[in-house]
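# Observations on the model geometry
If you want the building blocks of each chain, they are given just below.
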Amino acid sequence: MKWELNTERPVYIQLIEQIQTEIISGNYKPGDKLPSVRDLAADATVNPNTMQRALVELERTGLLLTNRTSGRFITSDDKMIKKLKEESAKNQILEFIDKMHQLGFEPEETLTLFIEIVKNKD
Amino acid sequence: MSAILECKSLTKKFSNFTALSNVNLTLERGRIIGLLGPNGSGKTTLIKLINGLLVPNSGSLLINGKLPGTETKKIVSYLPEKTYLPEWMRVSETIEFFEDFYADFDRKKAYEMMERLHLDSKKRLKTLSKGTKEKVQLILVMSRKADLYCLDEPIGGVDPAARDYILNTIISNYNENATVLISTHLISDIEKVLDDVVFLKEGFVTMQSSVDDIRSKDGKSVDTLFREVFRC
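Residues numbered from 1 in each chain as written. Chains lettered and ligands numbered in written order. Predicted model: local features only at pLDDT ≥ 70, side-chain atom pairs only at ≥ 80, totals over all residues.

## Quick notes on the sheet that holds strand β2 (residues 17-27) of chain B
All names here are of chain B. The condition that has to hold: Two strands make a pair as long as DSSP finds a minimum of two bridges between them. Every helix listed is a DSSP run of H or I at least four residues long, and every strand listed is a run of E at least two residues long, numbered separately from the N terminus. The angle between two axes is taken between their N-to-C directions and runs from 0 to 180 degrees, where each axis is a line fitted to C-alpha atoms and a helix contributes only its stretch in contact.
Strand order in the open sheet made by the three strands is β2-β1-β4, with antiparallel pairing throughout. Where the open sheet ends on each side, the last strands, each with one partner, are β2 and β4 (58-63). Shown here is a sheet whose adjacent strand axes are inclined to one another by a mean of 25 degrees, direction ignored. Relative to β4, strand β1 (residues 5-14) is paired through five bridges, and the arrangement is antiparallel. Residue pairing in the sheet places C7 in a bridge with L61 of β4.

## Topic: the domain arrangement of chain B
Residues and elements named next belong to chain B. Just so we agree on the cut-off: For each domain, the first and last residues come from an automatic or database assignment. Residues are grouped as follows: Ala, Val, Leu, Ile, Met, Phe, Trp, Tyr, Cys and Pro are nonpolar; Asp, Glu, Lys and Arg are charged; every other residue, Gly included, is polar.
Each assigned domain of chain B is listed here: domain 1 (1-75 + 146-161 + 175-232) and domain 2 (85-145). Distance from the C-alpha centre of domain 1 to the C-alpha centre of domain 2: 25 Å. Considering only residue class, the side of domain 1 that touches domain 2 consists of four nonpolar, one polar and one charged.

## Quick word on the sheet that holds strand β7 (residues 179-183) of chain B
Residues and elements named next belong to chain B. Read across the open sheet, the six strands follow the order β5-β6-β7-β3-β8-β9; overall the sheet is mixed. The open sheet has two edge strands with one neighbour each: β5 (76-79) and β9 (204-210). Across the sheet, the mean angle from the axis of one strand to that of its neighbour is 15 degrees, orientation sign disregarded. One ladder, built from four bridges, connects strand β3 (residues 32-36) with strand β8 (residues 196-201); its direction is parallel. In the sheet register, L36 faces β8, and the bridge partner there is F199.

## Notes on the interface of chain A and chain B
Quick note on the threshold: Residue pairs qualify as contacts under a 7 Å threshold applied to their C-beta atoms, which are placed from the backbone.
The interface of chain A with chain B comprises 15 residues on the first partner and 21 residues on the second. Contributions of two or more residues to the side of chain A that touches chain B are made by α1 (11-24), α2 (37-44) and α3 (48-60) of chain A. Here the side of chain A that touches chain B is built from residues that sort into eight nonpolar, four polar and three charged.

## Notes on the domain arrangement of chain A
Residue and element names in this part refer to chain A. Taken domain by domain, chain A consists of domain 1 (11-76) and domain 2 (79-121). Each of domain 1 and domain 2 has a C-alpha centre, and the two are 28 Å apart. Along the lines of polarity and charge, the residues of the side of domain 1 that touches domain 2 split into four nonpolar, three polar and no charged.

## Things to note about the pairing of β5(B)
Residues and elements named next belong to chain B. Basically, it comes down to this: In this scheme the burial state of a residue depends on its C-beta neighbours within 10 Å: 20 or more other such atoms mean buried, 12 or fewer mean exposed, and anything in between means partly exposed; the C-beta positions come from the backbone.
Because side chains alternate across β5, one face comprises the buried residues V76 and Y78, and the other comprises S77 and L79, equally buried. Where β5 and strand β6 (residues 148-152) come together, four bridges link them in parallel fashion. Counted as the bridge partner of V76 is L148 from β6.

## Here's the deal with the environment of B:D100
In this structure, B:D100 sits in helix α3 (residues 91-101). Residues B:D100 and B:T206, 106 residues apart in the sequence, show an inter-C-alpha distance of 40 Å.

## A short note on helix α8 (residues 211-218) of chain B
To keep things clear, this is the line we draw: Of all possible arcs, the one meant is that of the directions from the helix axis to the C-beta atoms.
Burial in α8(B) covers these residues: B:V211, B:D212, B:I214 and B:R215. Buried residues along α8(B) cover an arc of 160 degrees about the axis, so they all sit on one side. Turned more than 90 degrees off the buried face of α8(B), the exposed positions are B:D213 and B:K217. Next to the buried residues of α8(B) lie α1 of chain A together with β8, β9 and α9 (222-229) of chain B.

## Regarding α1(A)
Quick note on the threshold: Here the expected length of a helix is defined as 1.5 Å per residue gap, with one fewer gap than residues.
Taking 1.5 Å as the rise per residue, α1(A) with 14 residues should run 20 Å; its terminal C-alpha atoms sit 20 Å apart, in good agreement. Along α1(A), the residues classified as buried are A:V11, A:Y12, A:Q14, A:L15, A:I19, A:Q20 and A:I23. Elements that come into contact with the buried residues of α1(A) comprise α2, α3, β2 (71-74) and α4 (78-102) of chain A together with α8 of chain B. Within two residues after α1(A), A:G26 carries a phi angle of roughly 90 degrees, on the positive side.

## A few points about the packing of α1(A) against α4(A)
Any two packed helices are characterised by how steeply their axes cross, that is the angle between the axes, and by the distance between the axes. All names here are of chain A. Formally: Take the far helix as the reference: if the near one is turned anticlockwise from it by less than a right angle, the crossing is left-handed, and if turned clockwise, right-handed.
At a closest axis distance of 10 Å, the pairing of α1 and α4 adopts a crossing angle of 115 degrees. For α1 against α4, the interelement crossing comes out left-handed. Residue-level inspection shows Q20, I23 and I24 of α1 in contact with α4, the latter providing I81, L84, K85 and S88. Here the contact of α1 with α4 is composed, by residue class, of four nonpolar, two polar and one charged.

## A word on the nonpolar core
Nonpolar side chains tend toward joint burial in soluble globular proteins. The criterion, for reference: Nonpolar cores are identified as sets of buried Ala, Val, Leu, Ile, Met, Phe, Trp, Tyr and Cys residues joined via C-beta atoms within 7 Å.
Among the nonpolar cores identified, the biggest contains 81 residues, and A:M51, B:I33, B:I50, B:L148, B:C150 and B:L181 are the most heavily contacted of them. Dropping the residues within four chain positions of it, B:L181 is found in contact with B:L27, B:I33, B:L35, B:L148, B:Y149, B:C150 and B:L151.

## A closer look at the packing of α2(A) against α3(A)
All names here are of chain A. Under the convention used in this document: Throughout this description, any angle smaller than 35 degrees is read as roughly parallel, any larger than 145 degrees as roughly antiparallel, any in the 65 to 115 degree range as roughly perpendicular, and the remainder as oblique.
One way to put it is that α2 packs onto α3 with a least axis distance of 9 Å and a crossing angle of 115 degrees. Comparing their axes, α3 and α2 come out roughly perpendicular. The interaxial crossing formed by α2 with α3 has right-handed handedness. Counting all contacts with α2, which are made through V37, R38, L40, A41 and A44, the residues of α3 involved are P48, M51, Q52 and L55. Here the residues of the contact of α2 with α3 sort into seven nonpolar, one polar and one charged.

Following this line, the structure appears as structure tokens:
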């Protein structure tokens, strides 16, 4: 997995976000087994405590499930994943509207421009 | 289990100056800690005190509850800033040397790491470049199952790819009972691997914090904070 971590924000939060993205996009499928904390930490080149903190938080939200003997798994709850996907999309859109606003575009203008570009894209 | 290192009012003076002043520091087990500070701030002095190479003028320093000595040297693995192994030794002989000295030395692990970094174990140290010698020494130190690893500038003279490998070795070596203390200038390379940092300035501990606290409270990386705090 390709991790993109900057050091200005807490790393564990970024790990949570990126694991969520992997789940939403389907790269990690429902029911998939996760590698060990140590392997994930080495893959991301981060401190194992930091990775553990991210995983524990994801467990708390129910996105990851722990089986004491066999490790951590992605939830099979499709509804939960769908809800997360929608929430992520909503956040992206709000961020985009905000950025366009900074450039001087009102939401209505942004929408018009957006539709036009999407139409002409393919 | 108790803290691996406890310093109380630790002071070390040399004939005309004070290297460490009243240092109070506790290092917990299972943490990777960055010891950060400008040149001459006292980092190497602190590490030498931990390893019993220097004796404090006042205050106390306990490792796993004991004073530095034979018993603590069994559980502390030290990587000095300058290479110290004899130039005439072959890499394989340095492995045997460490095996003789330390009961917790893992020979198989050392050879595996040497191979991964393409180091020829038959070569004599004097034929190796500075960076390669540093890699050898780091592998020897990390092949011990110690409770406290003191690494003084472990990635300084080493190329970026090897740096990544070394950081990965530190991460993979991690266990909840052992602590790694890394003294370095190359903060941006290493900060994702750190749990906590200790800032040392002119012999005083000016800050001890977890890296995530710095990022969430100050909204900046440790590297950025360091540059601000120690601006010339």
